[in-house]
Amino acid sequence: MYAKFCSIEILSSYIKEVSVGDLLTVQALVTNPLDWQHFYEKISSIREGERTDFMVVTAEGDRLQGSGDVVEMERWSSRGQWGFRIKIRVKKQKSLTDRRTRAPKPAVKPAIEVTAKPAAVATAPEVSVEDVARFKELLKGSLAMDISA
(Lines give C-alpha, C1' and ligand atoms only; values in the text may rest on other atoms or scores of the structure.)
Protein backbone atom coordinates (compact mmCIF):
# COMPACT_ATOMS: atom_id res chain seq x y z
CA MET A 1 0.00 0.00 0.00
CA TYR A 2 1.04 3.56 -0.59
CA ALA A 3 -0.55 6.98 -0.20
CA LYS A 4 0.50 10.46 -1.27
CA PHE A 5 -1.39 13.70 -0.60
CA CYS A 6 -0.71 17.19 0.75
CA SER A 7 3.03 16.69 0.02
CA ILE A 8 3.08 13.68 2.38
CA GLU A 9 4.18 10.26 1.19
CA ILE A 10 3.15 7.35 3.40
CA LEU A 11 4.66 3.92 2.85
CA SER A 12 2.92 0.63 3.64
CA SER A 13 4.86 0.14 6.89
CA TYR A 14 3.03 3.16 8.39
CA ILE A 15 -0.43 2.71 6.88
CA LYS A 16 -2.93 0.95 9.13
CA GLU A 17 -6.17 1.69 7.28
CA VAL A 18 -7.21 2.94 3.86
CA SER A 19 -10.83 3.28 2.82
CA VAL A 20 -11.97 4.66 -0.49
CA GLY A 21 -15.43 5.93 -1.37
CA ASP A 22 -16.93 9.41 -1.29
CA LEU A 23 -14.41 10.00 1.48
CA LEU A 24 -10.83 8.83 1.24
CA THR A 25 -9.58 7.94 4.71
CA VAL A 26 -5.94 7.15 5.44
CA GLN A 27 -4.81 6.25 8.94
CA ALA A 28 -1.13 5.87 9.83
CA LEU A 29 0.72 4.71 12.92
CA VAL A 30 4.33 5.77 13.62
CA THR A 31 6.54 4.22 16.33
CA ASN A 32 9.84 5.97 15.62
CA PRO A 33 10.09 9.47 17.16
CA LEU A 34 12.30 10.75 14.33
CA ASP A 35 9.77 9.59 11.74
CA TRP A 36 6.98 11.19 13.76
CA GLN A 37 8.84 14.52 13.76
CA HIS A 38 9.01 14.34 9.95
CA PHE A 39 5.26 13.62 9.65
CA TYR A 40 4.29 16.15 12.33
CA GLU A 41 5.90 19.03 10.44
CA LYS A 42 3.98 18.18 7.28
CA ILE A 43 0.69 17.42 9.06
CA SER A 44 0.79 20.72 10.95
CA SER A 45 0.65 22.63 7.68
CA ILE A 46 -2.60 20.93 6.52
CA ARG A 47 -5.82 22.89 7.04
CA GLU A 48 -9.40 21.66 6.79
CA GLY A 49 -11.04 22.72 3.55
CA GLU A 50 -7.70 22.77 1.73
CA ARG A 51 -7.72 21.28 -1.75
CA THR A 52 -5.24 18.48 -2.48
CA ASP A 53 -4.30 15.95 -5.10
CA PHE A 54 -3.90 12.36 -3.97
CA MET A 55 -2.70 9.00 -5.15
CA VAL A 56 -3.39 5.73 -3.35
CA VAL A 57 -2.24 2.21 -4.15
CA THR A 58 -4.36 -0.36 -2.33
CA ALA A 59 -3.23 -3.70 -0.92
CA GLU A 60 -4.78 -5.37 -3.99
CA GLY A 61 -2.58 -3.25 -6.26
CA ASP A 62 -5.30 -0.92 -7.60
CA ARG A 63 -4.10 2.61 -8.22
CA LEU A 64 -6.43 5.54 -7.59
CA GLN A 65 -5.61 9.16 -8.44
CA GLY A 66 -7.71 12.23 -7.94
CA SER A 67 -8.30 15.42 -6.04
CA GLY A 68 -10.49 16.55 -3.20
CA ASP A 69 -10.87 18.71 -0.11
CA VAL A 70 -9.49 17.90 3.35
CA VAL A 71 -12.50 17.31 5.60
CA GLU A 72 -10.85 16.20 8.80
CA MET A 73 -7.31 16.02 10.16
CA GLU A 74 -6.69 14.19 13.41
CA ARG A 75 -3.47 13.29 15.21
CA TRP A 76 -2.75 11.51 18.50
CA SER A 77 -0.04 10.00 20.67
CA SER A 78 -0.23 7.14 23.12
CA ARG A 79 2.54 5.22 24.93
CA GLY A 80 5.35 5.87 22.49
CA GLN A 81 3.20 5.58 19.39
CA TRP A 82 1.96 8.43 17.26
CA GLY A 83 -0.68 8.40 14.62
CA PHE A 84 -2.80 10.50 12.34
CA ARG A 85 -5.89 10.17 10.20
CA ILE A 86 -6.80 12.31 7.22
CA LYS A 87 -10.20 12.34 5.54
CA ILE A 88 -10.52 13.81 2.05
CA ARG A 89 -13.84 14.40 0.28
CA VAL A 90 -13.22 13.06 -3.22
CA LYS A 91 -14.12 15.50 -6.00
CA LYS A 92 -12.47 13.79 -8.97
CA GLN A 93 -10.96 10.37 -9.21
CA LYS A 94 -9.48 8.15 -11.84
CA SER A 95 -8.81 4.50 -11.29
CA LEU A 96 -6.73 2.60 -13.78
CA THR A 97 -8.70 -0.55 -13.01
CA ASP A 98 -11.99 1.22 -13.79
CA ARG A 99 -10.62 2.46 -17.08
CA ARG A 100 -9.64 -1.08 -18.08
CA THR A 101 -13.03 -2.54 -17.27
CA ARG A 102 -15.22 0.30 -18.51
CA ALA A 103 -13.70 1.24 -21.84
CA PRO A 104 -14.73 -1.12 -24.62
CA LYS A 105 -12.12 -1.88 -27.20
CA PRO A 106 -12.69 -0.01 -30.45
CA ALA A 107 -13.68 -2.06 -33.46
CA VAL A 108 -10.74 -2.75 -35.72
CA LYS A 109 -11.30 -1.49 -39.24
CA PRO A 110 -9.43 -3.14 -42.09
CA ALA A 111 -6.66 -1.04 -43.57
CA ILE A 112 -7.87 -1.78 -47.10
CA GLU A 113 -11.53 -2.05 -47.85
CA VAL A 114 -12.42 -4.67 -50.40
CA THR A 115 -15.41 -3.87 -52.51
CA ALA A 116 -17.32 -6.75 -54.02
CA LYS A 117 -17.43 -6.69 -57.79
CA PRO A 118 -19.68 -8.98 -59.76
CA ALA A 119 -17.60 -11.82 -61.17
CA ALA A 120 -18.38 -14.81 -63.26
CA VAL A 121 -18.80 -17.88 -61.12
CA ALA A 122 -16.77 -20.80 -62.43
CA THR A 123 -18.55 -24.12 -62.22
CA ALA A 124 -16.71 -27.40 -62.03
CA PRO A 125 -17.18 -29.69 -65.01
CA GLU A 126 -19.21 -32.76 -64.31
CA VAL A 127 -17.25 -36.01 -64.04
CA SER A 128 -18.79 -39.05 -65.61
CA VAL A 129 -18.28 -42.71 -64.75
CA GLU A 130 -16.31 -43.16 -67.97
CA ASP A 131 -13.87 -40.41 -66.95
CA VAL A 132 -13.19 -42.17 -63.66
CA ALA A 133 -12.66 -45.49 -65.44
CA ARG A 134 -10.17 -43.89 -67.87
CA PHE A 135 -8.29 -42.33 -64.97
CA LYS A 136 -8.06 -45.71 -63.21
CA GLU A 137 -6.73 -47.30 -66.40
CA LEU A 138 -4.12 -44.55 -66.69
CA LEU A 139 -2.85 -45.12 -63.15
CA LYS A 140 -2.91 -48.94 -63.26
CA GLY A 141 0.82 -49.22 -63.81
CA SER A 142 1.69 -46.77 -61.00
CA LEU A 143 2.90 -48.18 -57.67
CA ALA A 144 1.68 -45.17 -55.69
CA MET A 145 -1.95 -45.65 -56.67
CA ASP A 146 -3.94 -48.40 -54.99
CA ILE A 147 -7.58 -48.01 -55.93
CA SER A 148 -9.93 -50.81 -55.13
CA ALA A 149 -12.37 -51.69 -57.85
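Here the structure is a predicted model, which is why all the values come from computation and not from measurement. (Residues numbered from 1 in each chain as written. Predicted model: local features only at pLDDT ≥ 70, side-chain atom pairs only at ≥ 80, totals over all residues. Heavy atoms only, no water.)

Colleague: Would you explain the overall build of the protein chain in this entry?
Modeller: When helices and strands are counted, the protein chain shows three helices and seven strands. Within the protein chain, the fraction of its 149 residues that count as buried is 25%. For the protein chain, long-range pairs separated by at least 24 residues make up 52% of all intrachain contacts whose partners lie at least 6 apart in sequence. Total accessible area on the protein chain stands at roughly 11,400 Å², and carbon and sulfur atoms take up 53% of it. (Helix = DSSP H or I, 4+ residues; strand = E, 2+ residues; numbered from the N terminus. Buried < 20%, exposed > 50% of the residue type's maximum accessible area, 1.4 Å probe, protein only. Contact = heavy atoms within 4.5 Å. Areas by Shrake-Rupley, 256 points an atom, 1.4 Å probe, with all protein chains shown as cover.)

Colleague: Could you clarify how one ought to interpret the nonpolar core in this entry?
Modeller: Side chains of nonpolar character tend, in soluble globular proteins, to be buried together. Counting residues in hydrophobic clusters, the biggest one holds 25 residues, and the most contacted among them are Phe-5, Ile-10, Phe-39, Phe-54 and Phe-84. Of all the secondary-structure elements, those providing two or more residues to this core are β1 (2–5), β2 (8–11), β4 (23–30), α1 (33–44), β5 (51–57), β6 (63–78) and β7 (81–95). Looking at this core element by element, the count peaks at five residues for β7. Ignoring anything within four residues of it in the chain, the contact list for Ile-10 reads Tyr-2, Ala-3, Phe-5, Ile-15, Val-26, Ala-28, Phe-39 and Phe-84. (Core = buried A, V, L, I, M, F, W, Y, C linked by side-chain atoms within 4.5 Å.)

Colleague: Explain the side chain of Ser-67 to me, please; I cannot follow it from the model alone.
Modeller: Structurally, Ser-67 can be placed in strand β6. At 3.2 Å, the side chain of Ser-67 forms a polar contact with the side chain of Arg-51. The residues touching Ser-67, leaving out its near neighbours within four places in the chain, are Arg-51, Thr-52, Asp-53, Phe-54, Arg-89, Val-90, Lys-91 and Lys-92. (Polar contact = N/O pair within 3.5 Å; in protein donor to acceptor, adjacent residues only side chain to side chain.)

Colleague: How do you make sense of the sheet that holds β5 when you look at a structure like this?
Modeller: Remark on secondary structure: sheet strands pair via backbone hydrogen bonds, oriented parallel or antiparallel. Taken in spatial order, the seven strands line up as β2-β1-β5-β6-β7-β4-β3 in an open sheet, and their pairing is antiparallel. Every interior strand has two partners, whereas the edge strands, β2 and β3 (15–19), have only one. Here the strands of the sheet are splayed against their neighbours by 25° on average, with no regard to which way each runs. (Pairing = 2+ DSSP bridges. Axes fitted to C-alpha atoms, helices over the stretch in contact; angles between N-to-C directions.)

Colleague: Explanation requested: the pairing of β3 in the structure shown.
Modeller: The side chains of a regular strand alternate, first on one face of the sheet and then on the other. In the sheet, β3 pairs with β4 via four bridges, with the strands oriented antiparallel. What sits directly across from Ile-15, in β4, is Ala-28.

Colleague: Mind showing me how you'd approach the pairing of β7 here?
Modeller: One ladder, built from eight bridges, connects β4 with β7; its direction is antiparallel. Across the sheet, the residue bridging to Thr-25 is Lys-87, located in β7. Judged from the 14 bridges that link them, β6 and β7 form a sheet pairing that is antiparallel. Residue pairing in the sheet places Gln-65 in a bridge with Lys-94 of β7. Between β6 and β7, which pair antiparallel and follow one another directly, the connecting turn spans two residues, one of which, Arg-79, has a positive phi of 50°.

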